[in-house]
Amino acid sequence: MMRVNVEEKLFQNRYKVDAGRPHIQIRDPDVCRSQCQAQQCTTCCPAGCYTAEGNGAVTLITDGCLECGTCRVICTEFRNVDWEYPRGGFGILFKFG
Amino acid sequence: MHEKFDTIVVGAGPAGNAAAYTLAKAGLSVLQIERGETPGSKNVQGAILYADALERIIPDFRDDAPLERYLIEQRGWLLDDEAYVGGNYRAEAFNRPPYNRYTIVRAQFDKWFSKKVQDAGGLVICETTVRELIFDGDRVAGVLTDREGGAIYADLVILADGVNSTLARKAGFHPELKPKDVALAVKETLFLAPEIIEPRFNVKGDEGVAIEMVGKITKGMIGTGFLYTNKESLTIGVGCMLSDFAAQKIPPYVMLEEMKAHPAIRPLLEGAEVKEYVAHLIPEGGYDAIPKLYGNGWMIAGDSAGLVNAVHREGSNLAMTSGRLAAETAIDLHAAGQPFSAANLAGYKQRLDDSFVMKDLKKYRRLPAALHRSPHFFTLYPELITLAAHQWVKVDGVDKKSKEREVRRAFAGRRGWLGMMGDAFRLWRAFE
Ligand SMILES: Cc1cc2nc3c(=O)[nH]c(=O)nc-3n(C[C@H](O)[C@H](O)[C@H](O)COP(=O)(O)OP(=O)(O)OC[C@H]3O[C@@H](n4cnc5c(N)ncnc54)[C@H](O)[C@@H]3O)c2cc1C
Ligand code: SF4
Ligand code: SF4
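Residues numbered from 1 in each chain as written. Chains lettered and ligands numbered in written order. Predicted model: local features only at pLDDT ≥ 70, side-chain atom pairs only at ≥ 80, totals over all residues. Heavy atoms only, no water.

Asks: Explain the packing of helix α10 (residues 342-354) of chain B against helix α11 (residues 356-363) of chain B here, please?
Replies: The relative placement of two packed helices is expressed as an angle between their axes plus a distance between the axes. All names here are of chain B. Running from amino to carboxyl end, α10 crosses α11 at an angle of 65°, the nearest separation of the two axes being 4 Å. On α11, the residues touching K349, L352, D353 and D354 of α10 are F356, V357, M358 and K359. By residue class, the composition of the contact of α10 with α11 is 4 nonpolar, no polar and 4 charged. (Axes fitted to C-alpha atoms, helices over the stretch in contact; angles between N-to-C directions. Helix = DSSP H or I, 4+ residues; strand = E, 2+ residues; numbered from the N terminus. Contact = heavy atoms within 4.5 Å. Nonpolar A, V, L, I, M, F, W, Y, C, P; charged D, E, K, R; others polar.)

Asks: Hey, could you run me through the environment of B:H174 in this one?
Replies: Residues and elements named next belong to chain B. The residue H174 is located in the loop between α4 (166-170) and β11 (182-191) in this model. Taking C-alpha positions, H174 is 35 Å from L67, a pair spaced 107 residues apart along the chain. Setting aside residues no more than four positions away along its own chain, H174 makes contact with S165, A168, R169, P291, I300 and S304.

Asks: Would you explain the interface of chain A and chain B in this entry?
Replies: Accessible area lost when the parts come together is the quantity often used to give the size of an interface. Counting residues at the interface gives 43 residues for chain A and 54 residues for chain B. Across the chain A/chain B interface, buried area totals approximately 4,100 Å², and carbon plus sulfur atoms make up 57% of it. In terms of surface lost to chain B, no three residues of chain A exceed A:Y85, A:F94 and A:F96, which account for 19% of the buried area on that side. Where chain A touches chain B, the interface holds 9 salt bridges. Where B:K42 meets A:E67, a salt bridge forms, and the shortest distance between an N and an O atom there is 3.0 Å. Applying the counting rule to chain A against chain B returns 28 residue pairs in polar contact (both at pLDDT 80 or more). Elements supplying a minimum of two residues to the side of chain A that touches chain B: α1 (6-10), β1 (14-16), α3 (41-44), α4 (70-74) and β6 (91-93) of chain A. When residues of the side of chain A that touches chain B are assigned to their parent elements, the largest contribution, 4 residues, is made by α4(A). Across the side of chain A that touches chain B, the residue classes tally to 21 nonpolar, 13 polar and 9 charged. (Buried area = accessible area lost by both parts, 1.4 Å probe. Salt bridge = Lys/Arg side-chain N within 4 Å of Asp/Glu carboxyl O. Polar contact = N/O pair within 3.5 Å; in protein donor to acceptor, adjacent residues only side chain to side chain.)

Asks: Help me understand the side chain of A:Q39, please; the structure alone is not making it clear to me.
Replies: Positionally, A:Q39 belongs in the loop between α2 (29-34) and α3. A distance of 3.0 Å separates the side chain of A:Q39 from the backbone oxygen of A:C32, its partner in a polar contact. A polar contact of 3.0 Å, which involves the side chain of A:Q39, links it to the backbone oxygen of A:G56. Leave out the neighbours within four places in its chain, and A:Q39 touches A:C32, A:A52, A:G56, A:V58 and B:K249.

Asks: Honestly, the pairing of strand β13 (residues 223-229) of chain B in this entry has me stumped. Any pointers?
Replies: Residues and elements named next belong to chain B. Most of β13 sits inside the fold, with 6 of its 7 residues counted as buried. Relative to strand β14 (residues 233-241), β13 runs antiparallel, the two sharing 7 bridges. Across the sheet, residue T224 finds its bridge partner in β14, namely G239. Hairpin connection, β13 to β14: the antiparallel pair is bridged by 3 residues. (Buried < 20%, exposed > 50% of the residue type's maximum accessible area, 1.4 Å probe, protein only. Pairing = 2+ DSSP bridges.)

Asks: What exactly am I supposed to notice about the nonpolar core here?
Replies: In summary, soluble globular proteins display a tendency toward joint burial of nonpolar side chains. Membership of the largest hydrophobic core comes to 141 residues, with the highest contact counts inside it found for A:Y50 and B:F113. Here this core takes 9 residues from helix α9 (residues 316-335) of chain B, the largest share from any one element. Two domains each donate at least three residues to this core, and these are domain 1 (4-66 + 103-177 + 287-364) and domain 2 (180-283) of chain B. Filtering out sequence-adjacent residues up to four positions away, A:Y50 remains in contact with A:I24, A:I26, A:C41, A:T42, A:C45, A:V58, A:T59, A:L60, A:C71 and A:V81. (Core = buried A, V, L, I, M, F, W, Y, C linked by side-chain atoms within 4.5 Å. Domains from an automatic or database assignment.)

Asks: Looking at this model, I keep getting lost on the packing of aromatic side chains. Mind explaining?
Replies: The relation between two aromatic rings is expressed through the spacing of the ring centres and the mutual angle of the planes. Under the defined criterion, the tally for this structure stands at 14 aromatic pairs over all chains. Summarising the aromatic geometry, the rings of B:Y89 and B:F94 are spaced 6.1 Å apart at their centres and angled 85° between planes, so their arrangement reads as edge-to-face. When its relative accessible area of 30% is taken as the criterion, B:F94 is described as partly exposed. Taking 5.6 Å as the distance between ring centres and 45° as the angle between the ring planes, the aromatic pair formed by B:F377 and B:Y381 counts as tilted. Under the relative-accessibility criterion, B:F377 is labelled buried at 16%. Looking at B:Y381, the relative accessible area reads 11%, which means it is buried. A network of ring pairs unites the aromatic residues B:F61, B:Y70, B:Y99 and B:Y102 as a single cluster. Above the face of the A:W83 ring, A:R72 is positioned so that its terminal group lies 4.7 Å from the ring centre. A cation over a ring is seen here: B:R35 above A:Y85, with NZ or CZ 3.6 Å from the ring centre. (Phe/Tyr/Trp six-rings, centres within 6.5 Å; stacked < 30°, edge-to-face > 60°. Lys NZ or Arg CZ within 6 Å of the ring centre and 35° of its normal.)

Asks: So what exactly am I meant to see when it comes to the site of ligand 2 here?
Replies: All residues in the neighbourhood of ligand 2 are listed as A:C32, A:C36, A:Q39, A:Q40, A:C41, A:V58, A:C75, A:F78, A:N80 and A:V81. Taken together, the residues that form the shell around ligand 2 break down as 7 nonpolar, 3 polar and no charged. (Near = heavy atom within 4 Å.)

Asks: Can you help me understand the site of ligand 1 in this one?
Replies: Taken together, 37 residues lie near ligand 1, and B:E34, B:I48, B:R106, B:D303 and B:S316 sit nearest. Ligand 1 sits at a junction of chains, with neighbouring residues supplied by chains A and B. Between ligand 1 and the protein, one listed contact pairs an oxygen atom with a side-chain N or O atom of B:D303 at 2.7 Å. Expressed as a share of its isolated accessible area of 1,000 Å², the protein-covered part of ligand 1 is 98%. Mapped onto the shell around ligand 1, the elements with two or more residues apiece are α1 (14-25), β3 (48-50), β15 (273-283) and α9 of chain B. Of all the elements, α9(B) adds the most residues to the shell around ligand 1, at 3 residues. (Areas by Shrake-Rupley, 256 points an atom, 1.4 Å probe, with all protein chains shown as cover.)

Asks: It is not clear to me how helix α3 (residues 106-119) of chain B should be interpreted in this structure. Could you clarify?
Replies: Quick reminder: α-helices carry 3.6 residues per turn. Residues three or four places apart thus point the same way. Residue and element names in this part refer to chain B. Spanning 14 residues, α3 covers 20 Å between terminal C-alpha atoms, matching the ideal 20 Å at 1.5 Å per step. Among all positions in α3, only R106, A107, F109, D110, W112, F113, S114, K116 and V117 are buried. One or two steps after α3, the chain reaches G121, where phi turns positive at roughly 110°. (Expected span 1.5 Å × (residues − 1).)

Asks: What is the right way to look at the packing of helix α13 (residues 380-393) of chain B against helix α14 (residues 400-415) of chain B in this model?
Replies: All names here are of chain B. Orientation of α13 relative to α14, taken along the N-to-C sense of each, is 170°, at an axis distance of 9 Å. Classified by the angle their axes make, α13 and α14 are roughly antiparallel. The segment α13 lies against α14, with L380, Y381, E383, L384, I385, L387, A388 and Q391 engaging K403, E406, V407, A410, F411, R414 and R415. Across the contact of α13 with α14, the residue classes break down as 9 nonpolar, 1 polar and 5 charged. (Parallel < 35°, antiparallel > 145°, perpendicular 65-115°, else oblique.)

Asks: Before we go on, may I ask you to explain the side chain of A:T43 in this structure?
Replies: By the secondary structure assignment, A:T43 is in helix α3. Residue A:T43 is classed as buried on the basis of its relative accessible area of 15%. Setting aside its immediate chain neighbours within four residues, A:T43 contacts B:K249, B:I250, B:P251 and B:P252.

Worth remembering: the numbers are spatial, not functional.
This is the structure:
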């Protein structure tokens, strides 16, 4: 598989980050760590917001989020993603879309 | 805000704009709520605009809509790892006005459409996210926004809030999307000077080309790639079913980069500068995945209703058409002094059933299941067909009969005649 730095891609985008108010949250980090085998959010998120840490934990940083909904839809087994749109006006601002 | 409107439209994409424009023009009071900074700032499309659907709403849209290029040529490619077999359809008929298909840039197009809504008398507020619907018994009575004192009331709420449709799910109108019913697409916009685009794609002036691709680029997943010409940019993207992304664990941006490096694609992008990277879901579950479309005080249109024809890559036109039909249903009831009850709004479903929207979706009803059952269309067949083409074209001293035998053996050996017949049958039934 080709190595791709997704941050470099996101760097082209325009965001208005709602600092300190992430619009998506992992409900129970323990479920990710000890129950979820597949951790599919870490490979499916098109913005690489979910990271599989070496110790089995999964961390989420929503700053680069493209607001697609993927992480919510694919967390089928545990429904462990609390997903909302950002507050009006915040988040990704597509220049072209 | 304690004002009450005839109608509230949530979302300013093609579905919401078509609905709000049609309602406002007919004189109903309309409040349209959009979460983006401006209409379009959250929205993603390839983007091909099908003129017909818009023409039925704004007949003279060509006068001032931000259109990129009109398409005179459609290319279809079947890709193996290092090769492709393709066909072009180019017709002079597409080079005569009124043009049939255009490339657009959604951030600009949605803003233009929204201006039309406002000119028609619709009230549009942006930077406002609707959090949930307000109910009065089982009737939708308004919406709760994230603004201070954010409850707003109306006789009718039209949900045109796109594929994630957080509102319909919270209200229990439809369940969570299934990964097998939704595609994830990633795409980039790349700047390239028109002087380079035109000779490279064999077009001039405002002419444009669309390329659709199937094959190894999607790594065995059900999906397609595309490359479209805008005026001064190219857009390239790839989308696959979410269930496949989850199973195969290939990040979407890796798929996109590998596609861009394909020897058939790379030369077309040479010198182009990436300006944006986006991602969006597409509801591709087809007819059988369509949720309930109306109820007491509400209707749902566009992507939030799952109205996408994945086979023909049509979505915005189904969105505009459903938005318009929802509005026309409301306008007729309003004129007749009838309430927006579930029984009365059933007329919306009837209008959709009578239109190309439901007829087309019904026609391809079997396709999603057929593709899930025969993933070979995306891997093995492109490989075999490029092999056959390779044998046909390459001159190497091997006699033609032996070449033919090798191709036939490859087909039979890799899938088996029975398997291929099964695939062909399923495909034929799905397109029937
Ligand atoms: C990569 C890609 C390529 C495509 N290519 C084509 C193509 O070439 N041709 C084509 O016809 N179709 C194409 N489609 C499909 C097409 O983009 C969609 O079908 C179309 O945009 C649907 O319109 P819509 O109005 O229903 O939803 P959207 O365009 O998604 O609009 C929904 C709007 O609602 C707003 N919203 C959502 N929730 C809220 C809320 N709670 N409060 C306030 N506002 C909210 C959003 O910000 C957005 O503006 C493509 C899709 C993708 C992803
Ligand atoms: S898929 Fe869901 S449960 Fe699994 S790691 Fe991701 S968020 Fe956690
Ligand atoms: S919504 Fe999309 S981009 Fe945002 S975190 Fe989820 S998968 Fe990633």
